[in-house]
Amino acid sequence: MENILDKLNDVQRQAVECTDGPVMVIAGAGSGKTRVLTYRIAHLLSKGVDAFNVLALTFTNKAAKEMKERVICLLGSSEAMNVWMGTFHSIFARILRIEADKLGYPSNFTIYDTDDSKSVIKTILKEQNLDDKMYPVNFVLGRISAAKSNLISVADYNNNAEIQTQDRAAGKPQIGTLYSLYNQRCRKSSAMDFDDLLYNTNVLFRDFTDVLYKYQQKFKYILVDEYQDTNYAQYLIVKKLAANNENICVVGDDAQSIYAFRGANIENILNFKKDYADAKVFKLEQNYRSTKNIVNAANSIIINNKDQIFKEIWTENEEGPKIQLFKTSTDNEEGMSVASSIFENKMNFQLNNSDFAILYRTNAQSRAMEEALRKLNVPYRIFGGLSFYKRKEVKDLIAYFRLTINHNDEEALYRIINYPARGIGKTTLEKIMVVANENDTSIWNIISNLQQFNAALSFNSGTITKISDFVTMIRSYATYLNDKNAFELANHIAASSGILRDLREDKTPEGISRQENIEELLNSIKDLVDKENDSDNEEQNISLNRFMEDIALITDSDKDDKENNDKVSLMTIHAAKGLEFPYVFVVGMEENLFPSQLSLSSRTDLEEERRLFYVAITRAMKKLTLSYSESRYRWGNLTLCEISRFVDEINEKCIDFPQKQINTSSFNYTKKFEPKEKPFVVQQEPPLSIAKKKLTKVSSISNNSNSSADDSFNAVNIGEIAIGMDVEHQRFGKGKVLQLEGNDSNTKALISFNGVGEKQLLLKFAKLKIL
DNA sequence: AGTGATCAGATTTTT
DNA sequence: TCTGATCACT
């Protein structure tokens, strides 16, 4: 362990070794934040602290998983498996399941995801006859969520004059009622939404001091990652748990707080020293990620914010190229400029696609980028699209699991009672809902006791049979919960519910892909079962129950590892947080887009946008390129755009500012960034969904990015090359031309290189020598 | 139950 | 402009 600590710089090591008492680590971008956290845990364990006494909280599953793996690697033992390491939501869901009875919940409560929550609200709005224009679902859910995040109960909400005035002023006086009904509905379904997991943990710790004491004793050492993103509910949980031992270490960067819009409270990190007077503060200011130009540019941006903890990020890395700025006249041209720049860099310097990332403020901006990349046959991957667990077919099957485990889970029931179609239609269901409301009981209670309620329902015998068949089916699944393992039962449900049959009838590519998704879900369950069986866990057969415990909390960020990963990454800046790429393009640097128009009215909102820009810049390791367009389609209207104020805030020494060099014509300077001639002919385009799949097959340039120009390899004169010729490539060596495609400047050659295999190269860029 | 028309809504979203 | 949700209609 001692030699492991040698791998840390001074401040990092101090932060790791200072294990007792409150510690705050302010970790600048790229300064080794995760390193400190993992080494700190490893250090604690190697000092003899029991893994069961350590709690490490993160915001994403990915971060938790990564941390766990790295600690195990450091220690060379699986001791770290016993550390409670996970997201706020998953850790406290786990505790809530253990303590559920104290709050009047069954321990197998369902966790409602956002879609479930929205659906509950829609149902309530309908029942209350409220105009959904006056009460947009997102708005209502937003209010409820904000209330819960700030630990405002239904009673508090309705008694708080300020809140009531706000809602009335907004013409939405019924929000408090909706909040109340929503909570009732969730409880009746034995369900908690995401916010409930934190809210109810607070209730638990507030009302059951013995429980709080138990966990205070257990978690002697607490670590919190991304502390700047905690909301009040999370803050208070941590504070209460740490109250006895005060061995709390929070790590974060106020400059990277970009989730205030969702309730994250930047004050939590700014006020840490007020909460813990004897807190030690360590500032990690050395950046190991980026060039001097990038670090300095980021510094020059963030200095414009008023609310911040002072720090000075520096780096020993090379100076690197200046930041580049592209200007184009339309958003589509912006896409072309970025795509061709990626293409050129990739070809000229033999880079991987995965060395590049395109970051944008809004998802809508991805379209132009995608189109351009597709034209150039550059494989790309969009992050943050529809997550695996949000796909309809996956949710359908999971809804069967949910209803099997928790018969009161109404959202699951609505989803599947007539899927696959079994003749229980809307009218039937509406009748049941009415009767359930009248009798103040659950849907499940009605359908499992049809005889008792049929006076009010007056269903005919056909309907009764259909419904009771459904009930029998779900009950039969439930009886298997104990004697079949998760995979066996999941498989059984997929087959016998008719879901698989229904999907198999659909022979379209989309239908096939849906089947594959179901298969993938089943496989992931099998993996889990197998893994548990391999480990020395006494619980030999993991039940479906166990599998479902945190399924709602899982996102698929660590999935599709098997696929070809050499792709350009496209994502929002929010999604890019925590990631790094050698070459980064931040697009849409325009006023009203970035910073967003909606942020312009308040200083705090504008500062959050600026932090977002800071996050964007600091993702880049080697080279950063910004771009903006003079016009852009927004909601169908062509709007004229001005360059973002943020570009002007960048220290001019760090950026190539073409305007300042060429004053004569404000148009000329864009030229050099645009494709030289109309190079890339649009080929017949397959529909997008199919095209995306094909992209994975596009061959890519292999690793190794350190290439220096070698003059003996020049771009070959395109007319000279012919099928069958022997050629030599700077990197791939000797090969034979198999195929030529396209014409003039965008002729592509398929070349079989000895020992390397077949590569498609664009002659314009490939440095080839004819032998 | 499925289809076509129509209409609203469209920052960011770790869970 | 584009997407999806909803609704009326068959």
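Just so it is clear, the structure is predicted and the values come from calculations on it, not from any experiment. (Residues numbered from 1 in each chain as written. Chains lettered and ligands numbered in written order. Predicted model: local features only at pLDDT ≥ 70, side-chain atom pairs only at ≥ 80, totals over all residues. Heavy atoms only, no water.)

Turning next to the overall build of chain A. For chain A, the count of helices and strands is 33 helices and 23 strands. Across chain A, contacts joining residues at least 24 apart in sequence account for 76% of those joining residues at least 6 apart. Looking at chain A as shown, the accessible area adds up to about 34600 Å², and 48% of this sits on carbon and sulfur atoms. (Helix = DSSP H or I, 4+ residues; strand = E, 2+ residues; numbered from the N terminus. Contact = heavy atoms within 4.5 Å. Areas by Shrake-Rupley, 256 points an atom, 1.4 Å probe, with all protein chains shown as cover.)

With that settled, the discussion passes to the sheet that holds strand β1 (residues 23-27). Spatially, β3-β2-β6-β7-β1-β8 is the arrangement adopted by the 6 strands of the open sheet, whose pairing is parallel. The open sheet has two edge strands with one neighbour each: β3 (84-87) and β8 (280-284). Averaged over all neighbouring strand pairs, the angle between strand axes comes to 15 degrees, with direction disregarded. Across 4 bridges, strand β2 (residues 54-58) lies against β3 in parallel orientation. (Pairing = 2+ DSSP bridges. Axes fitted to C-alpha atoms, helices over the stretch in contact; angles between N-to-C directions.)

Moving on, we get to the packing of aromatic side chains. The geometry of two aromatic rings is summed up by the distance between their centres and the angle between their planes. Considering all chains together, one arrives at 15 aromatic pairs under this definition. Each ring, one from Y157 and one from Y179, has its centre 5.7 Å from the other, and the planes form 80 degrees; the classification is edge-to-face. Here Y157, found in helix α8 (residues 154-159), pairs with Y179, found in helix α10 (residues 175-188); they are 22 residues apart in sequence, far enough to count as distant. Y179 shares its class with Y157; the two are buried. Taking the centre distance of 4.9 Å and the plane angle of 40 degrees together, the rings of F272 and Y276 count as tilted. (Phe/Tyr/Trp six-rings, centres within 6.5 Å; stacked < 30°, edge-to-face > 60°. Buried < 20%, exposed > 50% of the residue type's maximum accessible area, 1.4 Å probe, protein only.)

This part is about the packing of helix α24 (residues 461-480) against helix α25 (residues 486-496). A pair of packed helices is captured by two measures, namely the crossing angle of their axes and the spacing between those axes. Two numbers describe how α24 lies on α25: the axes approach to 10 Å, and their chain directions differ by 165 degrees. Comparing the axis directions of α24 and α25 gives the class roughly antiparallel. With respect to the hand of their crossing, α24 and α25 are arranged in right-handed fashion. Taken together, the residues of α25 that come into contact with α24 (itself represented by M473, Y477 and Y480) are L489, H492, I493 and S496. A per-class count over the contact of α24 with α25 returns 5 nonpolar, 2 polar and no charged. (Parallel < 35°, antiparallel > 145°, perpendicular 65-115°, else oblique. Left-handed = near helix turned anticlockwise from the far one by under 90°. Nonpolar A, V, L, I, M, F, W, Y, C, P; charged D, E, K, R; others polar.)

Counting across every chain of the model gives 4 cavities of 30 Å³ or more. As a volume, the second largest cavity reaches approximately 40 Å³. Along its surface, the second largest cavity is lined by E127, R185, K188, E410, Y414, M433, A436, N437, T441 and I443. Of the residues forming the lining of the second largest cavity, the biggest block, 3 residues, is contributed by helix α21 (residues 426-438). (1 Å grid on protein atoms, 1.4 Å probe; cavity = no way out; pocket = protein on both sides within 12 Å on 5 of 7 lines; lining within 4 Å. Points joined across faces, edges and corners; volume = space filled by probe spheres on them.)

Taken together, 6 strands build an open sheet; the order of strands is β11-β16-β15-β12-β14-β13 and the sheet is parallel. Only two strands of the sheet have a single partner each, and these edge strands are β11 (324-328) and β13 (380-382). Between one strand axis and the next, the sheet turns by 20 degrees as a mean value, whatever way the strands run. Sheet topology places strand β12 (residues 356-360) next to strand β14 (residues 568-572); 4 bridges connect them, and they run parallel.

Glancing now at the protein's contact with DNA strand C. Every residue near DNA strand C is listed here: K122, W635 and G636. Of all atoms in DNA strand C that approach within 4 Å of the protein, 22% are sugar or phosphate atoms. (Near = heavy atom within 4 Å.)

With that settled, consider the confidence of the model for chain A. When pLDDT is averaged along chain A, the result is 83, and 85% of the positions lie at 70 or above. Contacts of residues 659-716 to residues separated by more than four positions or lying in other chains number 110 contacts, the stretch itself having pLDDT below 50. (pLDDT = per-residue confidence, 0-100.)

Before going further, it helps to examine the pairing of β1. In terms of burial, β1 is a largely internal element, 5 of the 5 residues being buried. Neither face of β1 is exposed, since V23, V25 and A27 on one face and M24 and I26 on the opposite face are all buried. Across 5 bridges, β1 lies against β8 in parallel orientation. Looking at the pairing, I26 lines up with K283 of β8. Direction of pairing for β1 relative to strand β7 (residues 248-252): parallel, over a ladder of 4 bridges. Along β7, the bridge assignment pairs V25 with V251.

Glancing now at the environment of S752. Mapping S752 onto the fold places it in strand β21 (residues 748-753). Considered as a pair, S752 and N363 are 389 residues apart in the sequence and their alpha carbons are 39 Å apart.

Another aspect to go through is the side chain of N268. Its place among the elements puts N268 in helix α14 (residues 267-270). Separated by 3.0 Å, the side chains of N268 and T230 make a polar contact. The contacts of N268, once residues within four sequence positions are left out, are Y227, T230, N231 and Y235. (Polar contact = N/O pair within 3.5 Å; in protein donor to acceptor, adjacent residues only side chain to side chain.)

Buried together is how nonpolar side chains tend to be arranged in soluble globular proteins. Grouped together as the largest cluster of nonpolar side chains are 57 residues, with contacts concentrated most on L397, F401, I447, F470, L521, I525 and L544. Sort the elements by how many residues they give to this core and helix α19 (residues 392-405) lands first, with 8 residues. If we ignore the near neighbours within four places in the chain, the residues touching I447 are L413, I432, I467, F470 and V471. Core analysis: the second largest hydrophobic core is formed by 47 residues, F88, L96, F205 and F219 among them. (Core = buried A, V, L, I, M, F, W, Y, C linked by side-chain atoms within 4.5 Å.)

Our focus in this paragraph is the environment of L606. Relative to the elements of secondary structure, L606 occurs in helix α30 (residues 603-617). In this structure the C-alpha to C-alpha distance between L606 and S596, which are 10 residues apart in sequence, comes to 8.3 Å. If we skip the residues at most four places from it in the chain, L606 touches P595, S599, L600, R645 and F646.

Attention now goes to the layout of surface pockets. The method is simple in principle: a probe with the dimensions of a water molecule rolls over the atoms, and the space it marks as empty is what remains. Here the second largest pocket is characterised by a volume of approximately 530 Å³. Along the walls of the second largest pocket sit 16 residues, with K126, Y414, L429, E430 and M433 positioned nearest its centre. Looking at the lining of the second largest pocket, the elements that each hand over two or more residues are α6 (114-127) and α21. Examining the composition of the lining of the second largest pocket, we find that 6 residues originate from one element, α21, more than from any other.

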